[in-house]
Amino acid sequence: MKLFYRRHYSSFAPSDLRTSTPSKILQLCKSGSLSSALRLLNSLHSHEKTTLKPIIYAALLQACTKHHSLSIGLQIHAHAFKSGLETDHFIGNSLLAFYFKLGSDFSETRRVFDGLYVKDVVSWTSMISGYIRVGRPTNSVALFPEMLGFGVEPNGFTLSAVIKACSELGDLKMGRSFHGVVFRRGFCSDCVIISALMDFYGRSYEPGDARQLFDELLEPDDICWTSVISALTRNDVFDEALWFFYLMQRDYGLLVDEFTFATVLTALGNLGRLRQGKEMHAKVVVAGIRGDVVVESSLVDMYGKCGVVKESRRVFDRMAHTNSVSWCALLGGYCQKGDFDTVIELFREMEEVDLYSFGTVLRACTGLAAIRQGKEVHCRYLRKGDRRDVIVESALVDLYAKCGCIDFAYSIFVLMPARNLITWNSMICGFAQNGRGGEALRMFDEMVNEGIKPDYISFIGVLFACSHTGLVDQGRKHFTSMSVKYGIKPGIEHYNCMIDLLGRAGEIEEAENLVRNAELKEDSSLWVALLGACSTSTNSSVAERIAEKMMKLEPDYHLSYVLLGNVYKAVGRWSEAHKILRLMQDRGVKKITGKSWI
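Residues numbered from 1 in each chain as written. Predicted model: local features only at pLDDT ≥ 70, side-chain atom pairs only at ≥ 80, totals over all residues. Heavy atoms only, no water.

An unreviewed UniProt entry lists the protein chain under the name Pentatricopeptide repeat-containing protein, from Rhododendron griersonianum.

Written out as structure tokens, the structure reads:
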């Protein structure tokens, strides 16, 4: 024994005796000194290494994971395997975490998991969370009943992980089932799980359920407050989200973190509340959160949505670090302002472009009808080529359709692996606006047959197509089905399409009755459309009624007088036409000078 101590005394201080070596290795691993821990381990004889407790190797694996030391971790795994230590659950879970974070393929992690002798709740939870992180939430959900089959009881982290998987899948029914599991197993007061449930309901467009969960909590923590604020903001319940935020600070004095500030700034931006947005900016500065890329990106977004693009650009230029979200927020601000040229210039400056940026810049190209720049963006999207995106490709369909390249738009549409309602609407409206109403109606029927429910925009395209192809009966049918079958309340655009359709067919009185029975009958734009339809009709009595109504709604609107005068002239009632012109002069109504588009 003396020789052993003498030999070690030459290398280490007296406190580093053999009996303290394991604790010393543990301390070095915890402090992050992996190299020192390994030197100390290598100074031991091979038989001394075998007597070390498994927790030492588990700590070394955790240190390798933290320092991204793949090769050393693999060596420790090999040693643990040869020494028969792989059966220990501490080492097993540490190996799982190591392969998950540093392994090149998740299948390696799955092999380690399948080879574990002891799978406790930590092992199962790690795998469930791991599948979510690699974008395979279906596998996460499938593991849960398998875990129960092995008699392993879930903990709070397991349930919150599997609820997050339901959020990723967007499966409301399954998520409600796991809510029942939470209730039955007595986790209703666990803030971690309840926060996950609130996030799930927020992402599933059920903000009322998220709010109810929050109200049932006896002592919600700051994470629960943030979760309910986020759920409400995600579902456009912005006023209520702000009320919760001010209540959280004023009445409960809870700390606000970066995520809370970012969520509240999103709500303020969508409400267009610039003054409150500036107050929140001041709070961010006072809280010392300046420099956080998430918060500053939200500030860029808030100022852009409030129409103060200069302030948005000022915040962006001061950012120490920018990411794709920051750039997208800036692009979105300029796009909303209508400064499409700047959007395209900024896009060309971007080194890394994410898919959302492609969608924004394509919207700018569509606003400019800039087909050349749109093709440039299209080429860049194809070169990126990492994955197809339905939003970007829908924007491409919309761009080419609005620029008159309807066949090119259709060729992209046909090749899309997935289509959403926006894609179908872009194609329906594109065909309608390019004079191919029959194909627009065919696309609408195909969409409905595929089980996609049409929306407000879908019927604008359909009715526009009916109007420009003279399909009166089909137009009437679709206009009726919109409210009766699909529960969509007709808007100004739908009524205008119907007025145009009936006016072209000479059914002015039917168009007038349609407007008089509409909820929007006091909207002057409908009566203007009716009056315009009268210009091709010889029914002067209808034109008189419509013009009189229009003159009451907007006495200074010159076209009411001009169009009625033209109707009188068309039927040879020249004296009435002159009276209308004199009335127009007496009231001081001036005709606006016509301008050529050229």
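**As for the UniProt feature "repeat: PPR" (unreviewed entry) in the protein chain**
Here the UniProt-annotated "repeat: PPR" (unreviewed entry) positions come out as residues 120-154, 323-357 and 420-454. Summarising residues 120-154: 74% helix, 0% strand, and an end-to-end C-alpha distance of 10 Å. Within residues 420-454, the helical portion is 74% and the strand portion 0%, while the C-alpha atoms at the span's ends are 11 Å from each other. (UniProt positions renumbered as here; feature names shortened; annotations may be inferred. Helix = DSSP H or I, 4+ residues; strand = E, 2+ residues; numbered from the N terminus.)

**A closer look at the packing of aromatic side chains**
Inspection of the entire model under this criterion finds 20 aromatic pairs. Ring centres of tyrosine 410 and phenylalanine 431 lie 5.8 Å apart, and the angle between their planes is 55 degrees; this geometry places the pair in the tilted category. Of the two residues, tyrosine 410 is situated in helix 26 (residues 406-415) and phenylalanine 431 in helix 27 (residues 421-433); the sequence distance between them amounts to 21 residues. These aromatic residues form a ring-pair network of at least three members: Phe214, Trp225, Trp243 and Phe244. The ring of phenylalanine 113 carries the charged tip of lysine 119 above its face, separated from the ring centre by 5.3 Å. Positioned above the aromatic ring of phenylalanine 413, the side-chain terminus of arginine 419 is 4.3 Å from the ring centre. (Phe/Tyr/Trp six-rings, centres within 6.5 Å; stacked < 30°, edge-to-face > 60°. Lys NZ or Arg CZ within 6 Å of the ring centre and 35° of its normal.)

**Focus: the packing of helix 22 (residues 340-349) against helix 24 (residues 371-384)**
For the pair helix 22 and helix 24, the least separation of the axes is 12 Å and the interaxial angle reads 30 degrees. Judged by the inter-axis angle, helix 22 sits roughly parallel to helix 24. Considering only the axes of helix 22 and helix 24, their crossing is left-handed. Counting all contacts with helix 22, which are made through Ile344, Phe347 and Arg348, the residues of helix 24 involved are Gln373, Glu376, Val377 and Arg380. (Axes fitted to C-alpha atoms, helices over the stretch in contact; angles between N-to-C directions. Parallel < 35°, antiparallel > 145°, perpendicular 65-115°, else oblique. Left-handed = near helix turned anticlockwise from the far one by under 90°. Contact = heavy atoms within 4.5 Å.)

**Points about the packing of helix 11 (residues 156-169) against helix 13 (residues 191-203)**
Close contact between helix 11 and helix 13 brings their axes to 9 Å; oriented N to C, the two are set at 5 degrees. When the interaxial angle is binned, helix 11 and helix 13 end up roughly parallel. Packed against helix 11, whose contacting residues are Gly156, Leu159, Ser160, Ile163, Cys166 and Ser167, the element helix 13 presents Val192, Ile193, Ala196, Leu197, Asp199, Phe200 and Arg203 at the interface. Residue composition of the contact of helix 11 with helix 13, grouped by class: eight nonpolar, three polar and two charged. (Nonpolar A, V, L, I, M, F, W, Y, C, P; charged D, E, K, R; others polar.)

**Regarding helix 10 (residues 137-149)**
Along helix 10, the residues that are buried comprise Pro137, Ser140, Val141, Leu143, Phe144 and Met147. On its buried face, helix 10 sits against helix 8 (106-115), helix 9 (121-133), helix 11 and helix 12 (172-184). Once helix 10 finishes, glycine 151 follows within two positions and takes phi at roughly 80 degrees, a positive value. (Buried < 20%, exposed > 50% of the residue type's maximum accessible area, 1.4 Å probe, protein only.)

**Remarks on unusual backbone geometry**
Phi at tyrosine 205 is positive, roughly 60 degrees, even though this residue is not glycine. Along the chain, tyrosine 205 turns up in the loop between helix 13 and helix 14 (207-216). Of note, aspartate 236 is a non-glycine position whose phi angle comes to about 65 degrees, a positive value. By the element assignment, aspartate 236 lies in the loop between helix 15 (222-234) and helix 16 (238-250). Aspartate 236 sits in the exposed class, given a relative accessible area of 54%.

**As for the pattern of salt bridges**
For the structure on display, the rule yields 21 salt bridges. The salt bridge partner of aspartate 199 is arginine 203, with a shortest N-O separation of 3.0 Å. Of the two residues, aspartate 199 and arginine 203 are both situated in helix 13; the distance of four residues between them amounts to about one turn of the helix. By relative accessible area, which is 24% here, aspartate 199 ends up partly exposed. With its nearest N and O atoms 3.1 Å apart, the salt bridge here joins arginine 211 to aspartate 215. Here the residue arginine 211 and the residue aspartate 215 both occupy positions in helix 14, the gap between them amounting to four residues, near one helical turn. Residue class for arginine 211 comes out partly exposed when judged on its relative accessible area of 24%. Look at aspartate 215 and you get partly exposed, because its relative accessible area is 46%. (Salt bridge = Lys/Arg side-chain N within 4 Å of Asp/Glu carboxyl O.)

**As for the environment of isoleucine 163**
Here isoleucine 163 shows up in helix 11. In this structure, the C-alpha to C-alpha distance between isoleucine 163 and valine 182, residues 19 residues apart in sequence, is 9.9 Å. Excluding its chain neighbours within four sequence positions, the residues that come into contact with isoleucine 163 are Phe178, Val182, Ile193, Ala196, Leu197 and Phe200.

**Comments concerning the layout of surface pockets**
Using a probe with the size of a water molecule, rolled over the atoms, empty space left in the structure can be pinpointed. Each pocket or cavity is described by its volume, and for the largest pocket that value is around 850 Å³. Lining the largest pocket we find 27 residues, and of these Thr266, Ser298, Asp301, Lys305 and Val325 sit closest to its centre. Counting only elements with at least two residues in the lining of the largest pocket, the list comes to helix 15, helix 17 (258-271), helix 19 (293-305), helix 21 (324-337) and helix 23 (355-368). With seven residues, the single largest contributor to the lining of the largest pocket is helix 19. Size it by volume and the second largest pocket reaches roughly 480 Å³. Taken together, 20 residues line the second largest pocket, and the ones lying closest to its centre are Thr125, Ser129, Gly130, Arg133 and Ala161. (1 Å grid on protein atoms, 1.4 Å probe; cavity = no way out; pocket = protein on both sides within 12 Å on 5 of 7 lines; lining within 4 Å. Points joined across faces, edges and corners; volume = space filled by probe spheres on them.)

**Some remarks on the environment of serine 195**
Examined against the element boundaries, serine 195 turns out to sit in helix 13. Measuring from C-alpha to C-alpha, the distance between serine 195 and leucine 213 comes to 9.0 Å, with 18 residues separating the pair along the chain. Serine 195 has contacts with Ile223, Cys224 and Ser227, leaving out every residue within four places of it along the chain.

**Comments concerning the environment of lysine 66**
You can see lysine 66 is positioned in helix 5 (residues 54-66). The class of lysine 66 is exposed, set by a relative accessible area of 58%. Considered as a pair, lysine 66 and lysine 101 are 35 residues apart in the sequence and their alpha carbons are 9.1 Å apart.

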